[in-house]
Amino acid sequence: MSIWFHKNITLEELSGIGKNTMAEFLGLKWTEIGDNFLKMSMPVNDTTRQPYGFLHGGASCVLAETIGSVGSALVVDREKFYCVGLEINANHLKSVTEGIVSAIAKPLHLGKTTHVWDIRLHDEREKLFCVSRLTVAIIPVKK
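An account of the accompanying structure is given in this report. Since the structure is predicted, the reported quantities are computational estimates derived from the model, not experimental observations.

Description of the overall build of the protein
Inference 1: Along its length, the protein carries three helices and six strands.
Inference 2: When the helices and strands of the protein are listed from N to C terminus, the series reads α-α-β-β-α-β-β-β-β.
Inference 3: Computed over C-alpha atoms, the radius of gyration of the protein comes to 15 Å, within 12% of the 15 Å expected from 2.2 N^0.38 for 143 residues, which places it in the range of a compact globule.
Inference 4: Along the first, second and third principal axes, the C-alpha atoms of the protein reach 45 × 30 × 30 Å.
Inference 5: Among the 143 residues that make up the protein, the fraction classed as buried is 41%.

Focus on the sheet that holds strand β5 (residues 114–122)
Inference 1: Strands sit in the order β1-β2-β4-β5-β6-β3 across an open sheet of six strands; the sheet is antiparallel. Of all strands in the sheet, those with a lone pairing partner are β1 (29–33) and β3 (81–92), marking the two edges. Strand-to-strand, the axes of this sheet are offset by a mean angle of 25°, without reference to chain direction.
Inference 2: Both strand β2 (residues 38–44) and strand β4 (residues 99–110) contribute to a ladder of seven bridges, which runs antiparallel. From the neighbouring strand, Lys39 faces β4, where its bridge partner is Ile104.

Here we look at the nonpolar core
Inference 1: The biggest cluster of nonpolar side chains holds 35 residues, and the ones touching the most others in it are Leu55, Leu63, Ile67, Val101, Trp117 and Ile119.
Inference 2: When contributions to this core are tallied by element, the ones reaching two or more residues are α2 (22–26), β2, α3 (57–75), β4, β5 and β6 (128–140).
Inference 3: Ranked by residues supplied to this core, first place goes to α3 with nine residues.
Inference 4: Aside from chain neighbours lying at most four places away, what touches Ile67 is Trp30, Leu38, Lys39, Met40, Ala103, Ile104, Ala105 and Ile119.

A look at the pairing of β6
Inference 1: Across eleven bridges, β3 lies against β6 in antiparallel orientation. Within β6, the residue paired with Asn89 across the bridge is Arg133.
Inference 2: Relative to β6, β5 is paired through nine bridges, and the arrangement is antiparallel. Bridging from a neighbouring strand, His115 pairs with Val136 of β6.
Inference 3: The hairpin formed by β5 and β6 contains five residues between the paired strands, and Glu126 there has a positive phi angle of roughly 65°.

Structural notes on the pattern of salt bridges
Inference 1: Overall, the coordinates contain four salt bridges when judged by the stated rule.
Inference 2: For Arg49, the salt bridge goes to Asp46, with nearest N and O atoms at 3.1 Å.
Inference 3: Across the pair Arg125 and Asp123 runs a salt bridge, and its minimum N-O distance is 3.6 Å.
Inference 4: We classify Arg125 as exposed; its relative accessible area is 60%.

What counts, and at which threshold
Residues numbered from 1 in each chain as written. Predicted model: local features only at pLDDT ≥ 70, side-chain atom pairs only at ≥ 80, totals over all residues. Heavy atoms only, no water. Helix = DSSP H or I, 4+ residues; strand = E, 2+ residues; numbered from the N terminus. Rg over C-alpha atoms; globule rule 2.2 N^0.38 Å. Buried < 20%, exposed > 50% of the residue type's maximum accessible area, 1.4 Å probe, protein only. Pairing = 2+ DSSP bridges. Axes fitted to C-alpha atoms, helices over the stretch in contact; angles between N-to-C directions. Core = buried A, V, L, I, M, F, W, Y, C linked by side-chain atoms within 4.5 Å. Contact = heavy atoms within 4.5 Å. Salt bridge = Lys/Arg side-chain N within 4 Å of Asp/Glu carboxyl O.

In structure tokens form, the structure reads like this:
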């Protein structure tokens, strides 16, 4: 059973969400949407690397926060609520120097005022390199 507010959301619709944002600048792309997960990719390049040539931990956090925050926005009625990151943690398990990395986000908790997402980041060989947890605040839109 789908967790999404709009049950027929498509990748094409998702791709319009990040226009003119950090996600677009870093090259994040939506790659899959399932009944209870989202998948997104990001290139490892000069824009996302730190000075030692490794994928920047902050770029990994941008990927994690983007996928989790958008996930929350897709669960709620966006005319009544907006969703913002409240807390993020990331454990960087190994380094990545090239290729395309991907993140898969699945909810751990979908409450009325907070959502918690488990986000796993993998390299092109499907090796786990970062584990993140994102808490998102669900805030009523003031009319």
